Structures are given as C-alpha cells and as structure tokens.
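Notes for the structure review
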Amino acid sequence: MTAAGIARLAGVGRAAVSNWRRRHPDFPRPVGGTGTSPAFALAEVEEWLRRHGKLAEVPLRERVWQHLAGHPAGPVTALLHAGWALLLIHDRPTLWLDVSDGPDERLAALLPEKLK
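Residues numbered from 1 in each chain as written. Predicted model: local features only at pLDDT ≥ 70, side-chain atom pairs only at ≥ 80, totals over all residues. Heavy atoms only, no water.

Describing the overall build of the protein
Basically, it comes down to this: For the purposes of this entry, the term helix denotes a DSSP run of H or I that reaches at least four residues, the term strand denotes a run of E that reaches at least two, and both are numbered from the N terminus. Only C-alpha atoms enter the radius of gyration; for comparison, a globular chain is expected to reach 2.2 Å times N to the power 0.38, where N is the number of residues.
Of the regular secondary structure elements, the protein holds seven helices and two strands. Each helix (α) and strand (β) of the protein, taken in turn from the N terminus, gives the series α-α-β-β-α-α-α-α-α. A globule of 116 residues ought to have a C-alpha radius of gyration of about 13 Å, yet the protein, at 17 Å, is considerably larger. Reported as C-alpha extents along the three principal axes, the dimensions of the protein are approximately 50 × 30 × 20 Å.

Structure follows, in structure tokens:
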C-alpha cells in the first residue's frame, strides 16, 4: 500500500504519513515500490497504526480495496480469487465449506481446480 492508502486508513493527509516515517523509528519499512513512491505491507501498517492509536474506523469499501491492491500477485489476481470464491460459494456451498477450512494459501491454490 502507498502513503496515500495509509493516509486514508488513518484519516489524515499524506504529509502526516511522511512525518510519521521520519519521526518514528518503528514505522514499517517499505516492502516495494520506489524511493519516491514506496509500498508498505498492509498488515504491518495496520498493526503500527493500531499500536499508536492512529487507526481510523475503516469503511468496508476501503478495507476491501486495500486488500485487493496489496495482494502479493497484484489486484487482478486478487479479483480472480475473489470471483472464484464467490462462484464456488454460489454453485457448491458444501464444497466451499470443505475447501475454506484452512489457510488462505490452500484455498487460493484449490479454487481454480474445484471450479472445473
């Protein structure tokens, strides 16, 4: 996630995020992006914001977008996985209960196979 995404999560401007990065040595380190537009891990940022009392009430739409945008394989893959899960829930609810009982990585690997 970008500094703009962090600002939306905290309900502040991007300048506040820049200040936090400079003033707090425990602020999460970038996991990607560029020097001028670093990217941060959503889970690390949320934990830091929570610890520092800066996590705003996040609307569901924003939370979903942050998870899609922060997917390790990109938002297109995340949308594909979400679509596959919705199809499986709709078409085969009992199978969904079986494959969803476990880690997300297992579910992501099984979804395309189970929808054949």
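What to know about the packing of aromatic side chains
Applied cut-off: Between 30 and 60 degrees the pair is tilted, below 30 it is stacked and above 60 it is edge-to-face, where a pair is any two Phe, Tyr or Trp rings, Trp via its six-membered ring, whose centres lie within 6.5 Å. Each residue's exposure class comes from its accessible area (1.4 Å probe, protein chains only) as a fraction of the maximum for that residue type: buried when under 20%, exposed when over 50%, partly exposed otherwise.
What the rule picks out here adds up to three aromatic pairs. Consider the rings of W20 and W48, whose centres lie 5.6 Å apart with planes at 45°: the pair is tilted. Taken together, the residues span a long stretch of sequence, with W20 in helix α2 (residues 14-23) and W48 in helix α3 (residues 42-51) at a distance of 28 residues. Accessibility assignment for this pair places W20 and W48 in one class, buried. Taken together, a centroid distance of 5.7 Å and an interplanar angle of 85° make the contact between F27 and F40 edge-to-face. Here F27, found in the loop between α2 and β1 (32-33), pairs with F40, found in the loop between β2 (38-39) and α3; they are 13 residues apart in sequence, far enough to count as distant. In this structure, F27 and F40 share a single accessibility class: buried.

Remarks on the pattern of salt bridges
Short version of the rule: Basic side-chain nitrogens of Lys or Arg form a salt bridge, by our definition, when they fall within 4 Å of a carboxyl oxygen of Asp or Glu.
All chains considered together, the criterion is met by two salt bridges. A salt bridge links R51 to D26; the nearest nitrogen and oxygen atoms lie 3.3 Å apart. Note that R51 is positioned in helix α3 and D26 in the loop between α2 and β1, a separation of 25 residues in sequence. What makes D26 partly exposed here is its relative accessible area of 37%. A salt bridge links E47 to R51, with the nearest nitrogen and oxygen atoms 3.6 Å apart. In this pair, E47 and R51 are both assigned in helix α3, four residues apart and thus about one turn of the helix distant. One connected set of salt bridges, linked through shared partners, spans D26, E47 and R51.

Details of the packing of helix α1 (residues 3-10) against α2
Put simply, the rule is: Axis geometry follows a simple rule: fit a line to the C-alpha atoms, using only the stretch in contact for helices, then measure angles between N-to-C directions, giving values from 0 to 180 degrees. An angle below 35 degrees is read as roughly parallel, one above 145 as roughly antiparallel, one from 65 to 115 as roughly perpendicular, and any other as oblique. Contacts are assigned to residue pairs with any non-hydrogen atoms lying within 4.5 Å of each other. When residues are grouped by polarity, Ala, Val, Leu, Ile, Met, Phe, Trp, Tyr, Cys and Pro land in nonpolar, Asp, Glu, Lys and Arg in charged, and all others, Gly among them, in polar.
Direction vectors running N to C along α1 and α2 enclose 105°, while the axes themselves pass 8 Å from each other. Considered as vectors, α1 and α2 are oriented roughly perpendicular to each other. Along its contact with α1, which presents A3, A4, I6, A7 and A10, the element α2 presents R14, V17 and W20. Of the residues contributing to the contact of α1 with α2, the split by class is seven nonpolar, no polar and one charged.

Describing the environment of A78
Mapping A78 onto the fold places it in helix α5 (residues 75-91). Among residues more than four places away in sequence, those in contact with A78 are L68 and H71.

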